[in-house]
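Chain residues, written in single-letter form:
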Amino acid sequence: MELIDISAQPSLASKQANQAEPDISQLSGSMAEYYRLKQGLVMSSLVIAGLLFGPLWWSYSLKVALSYLLGALSGIVYLRLLAKNVEQLGTENPQVGKNQLGVFIGLIIVATQWHQLSVLPIFLGFLTYKVGIIVYVVWTTILPPSTPQG
Amino acid sequence: MDPLVAAASVLAAALGIGISTIGPALAQGNAAGKAVEGIARQPEAEGKIRGTLLLCLAFMESLTIYGLVIALVLLFANPFA
């Protein structure tokens with residue numbers, strides 16, 4: 001069995017881990033697929049949160065709708081932090097932690113202490129990212145994204 | 001708040017968060033280890049493996065979040081107070 005010295009060839013992810021936000025259009029190879037997935041998940045979560053904000057305002061109140069929106073935005077921040085952790089996993093600069101849970105803990109503490117906010121809409125809003133994941137995965141299963149040529 | 005209810009709530013929060021993190025922690029460690037192993041075997045599939053890992057971790061970590069919600073509600077918005 002032939003052993004390959006992979007330390008001499010740092011992966012694309014380790015090169016890009018130091019960059020804040022890589023441009024997907026300029027990337028090629030397998031990591032472009034990962035960044036596309038990450039961007040797609042964030043976008044689908046944002047769209048779902050935006051679509052649900054209006055009906056919630058109309059059905060309940062502006063307070064409930066704003067609480068939901070706050071939870072949804074926190075969920076998206078959580079998802080981005082989780083994606084960043086996954087991106088740095090196994091690279092030369094591993095900073096894998098549970099920082100993303102701090103977002104949720106802070107959110108729930110603020111929601112319970114500040115009486116202008118409701119806990120349940122915030123929690124359900126936070127879970128919007130899961131709906132976004134399901135919608136994105138079903139969408140890409142039905143309509144696979146076209147790979148850029150060249 | 002009744003001291004007995006307060007003590008029981010703190011104990012329930014501690015047990016809730018402690019027990020609810022055991023399963024996801026084991027699963028996340030296992031998944032991350034296997035993913036890194038897979039990337040080492042097939043570096044050309046790195047993006048696909050990391051994408052699948054991201055989706056798996058997002059769903060696994062929500063189990064921890066459920067326990068965390070119960071614990072935080074018991075501590076900061078106790079319905080039995």
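Residues numbered from 1 in each chain as written. Chains lettered and ligands numbered in written order. Predicted model: local features only at pLDDT ≥ 70, side-chain atom pairs only at ≥ 80, totals over all residues. Heavy atoms only, no water.

**Some points on the overall build of chain A**
At step 1: Counting its regular elements, chain A contains 6 helices and 0 strands.
At step 2: When the helices and strands of chain A are listed from N to C terminus, the series reads α-α-α-α-α-α.
At step 3: In chain A, which comprises 150 residues, the proportion classed as buried is 42%.
At step 4: At a minimum sequence separation of 6, the contacts of chain A that also span at least 24 residues come to 61%.
At step 5: For chain A, the accessible area works out to roughly 8,900 Å², and carbon and sulfur atoms hold 65% of it. (Helix = DSSP H or I, 4+ residues; strand = E, 2+ residues; numbered from the N terminus. Buried < 20%, exposed > 50% of the residue type's maximum accessible area, 1.4 Å probe, protein only. Contact = heavy atoms within 4.5 Å. Areas by Shrake-Rupley, 256 points an atom, 1.4 Å probe, with all protein chains shown as cover.)

**Some points on the UniProt feature "transmembrane region" (unreviewed entry) in chain B**
At step 1: The feature "transmembrane region" (unreviewed entry), as annotated in UniProt, sits at residues 51-77 of chain B in this numbering.
At step 2: The straight-line gap between the two end C-alpha atoms of residues 51-77 of chain B is 37 Å; of that span, 96% is helix and 0% is strand. (UniProt positions renumbered as here; feature names shortened; annotations may be inferred.)

**Describing the pattern of salt bridges**
Residue and element names in this part refer to chain B.
At step 1: Tallied over the entire structure, the rule returns 3 salt bridges over all chains.
At step 2: Residues Glu37 and Arg41 are paired through a salt bridge, measuring 3.9 Å at the closest nitrogen-oxygen approach. Of this pair, Glu37 and Arg41 are both found in helix α1 (residues 3-41), 4 residues apart, which corresponds to roughly one turn of the helix.
At step 3: A relative accessible area of 67% places Arg41 in the exposed class. (Salt bridge = Lys/Arg side-chain N within 4 Å of Asp/Glu carboxyl O.)

**Digging into the environment of Arg80(A)**
Residues and elements named next belong to chain A.
At step 1: Note on placement: Arg80 falls in helix α3 (residues 62-88).
At step 2: We classify Arg80 as partly exposed; its relative accessible area is 37%.
At step 3: Each C-alpha atom, one on Arg80 and one on Leu107, is 16 Å from the other, the two residues being 27 residues apart in sequence.

**Brief notes about the confidence of the model for chain A**
Residues and elements named next belong to chain A.
At step 1: When pLDDT is averaged along chain A, the result is 80, and 73% of the positions lie at 70 or above.
At step 2: Least confident of the elements in chain A is helix α1 (residues 12-16), whose mean pLDDT is 46; most confident is α3, at 92.
At step 3: Ignoring residues within four places in sequence, the model shows residues 1-18, a span with pLDDT below 50, making 20 contacts including any to other chains. (pLDDT = per-residue confidence, 0-100.)

**Looking at the packing of helix α2 (residues 30-59) of chain A against α3(A)**
All names here are of chain A.
At step 1: One way to put it is that α2 packs onto α3 with a least axis distance of 9 Å and a crossing angle of 175°. Judged by the inter-axis angle, α2 sits roughly antiparallel to α3.
At step 2: Looking at the contact of α2 with α3, its residues break down into 22 nonpolar, 1 polar and 3 charged. (Axes fitted to C-alpha atoms, helices over the stretch in contact; angles between N-to-C directions. Parallel < 35°, antiparallel > 145°, perpendicular 65-115°, else oblique. Nonpolar A, V, L, I, M, F, W, Y, C, P; charged D, E, K, R; others polar.)

**Here's the deal with the packing of aromatic side chains**
At step 1: One pass over the structure, following the stated rule, counts 8 aromatic pairs over all chains.
At step 2: Seen in terms of ring centroids, Tyr34(A) and Tyr35(A) are 5.7 Å apart; in terms of plane orientation they differ by 65°. Their pairing is edge-to-face.
At step 3: Its relative accessible area of 0% is what places Tyr34(A) among the buried residues.
At step 4: A residue is classified by how much of its surface remains accessible, and Tyr35(A), at 3% relative accessible area, is buried.
At step 5: Through a chain of ring-to-ring contacts, the aromatic side chains of Tyr78(A), Phe104(A), Phe123(A), Phe126(A), Tyr129(A) and Tyr66(B) assemble into a single cluster. (Phe/Tyr/Trp six-rings, centres within 6.5 Å; stacked < 30°, edge-to-face > 60°.)

**Quick word on the interface of chain B and chain A**
Accessible area lost on assembly of the parts is the figure often given for the size of an interface.
At step 1: Chain B puts 28 residues into the contact, and the matching count from chain A is 36 residues.
At step 2: Both faces considered, chain B and chain A share a buried interface measuring about 2,700 Å² in area, 76% of it formed by carbon and sulfur atoms.
At step 3: Of all residues in chain B, Arg50(B), Leu54(B) and Glu61(B) bury the most surface against chain A, accounting for 24% of the area lost on that side.
At step 4: Linking chain B to chain A there are 0 salt bridges.
At step 5: Our enumeration of links across chain B and chain A arrives at 8 residue pairs in polar contact (both at pLDDT 80 or more).
At step 6: Put simply, the parts of the chain that give the side of chain B that touches chain A at least two residues each are α1 and α2 (46-76) of chain B. (Buried area = accessible area lost by both parts, 1.4 Å probe. Polar contact = N/O pair within 3.5 Å; in protein donor to acceptor, adjacent residues only side chain to side chain.)

**Considerations on the UniProt feature "domain: V-ATPase proteolipid subunit C-like" (unreviewed entry) in chain B**
At step 1: In this structure's numbering, the residues bearing the UniProt feature "domain: V-ATPase proteolipid subunit C-like" (unreviewed entry) are residues 11-74 of chain B.
At step 2: In residues 11-74 of chain B, helix accounts for 94% and strand for 0%; the two terminal C-alpha atoms are 10 Å from one another.

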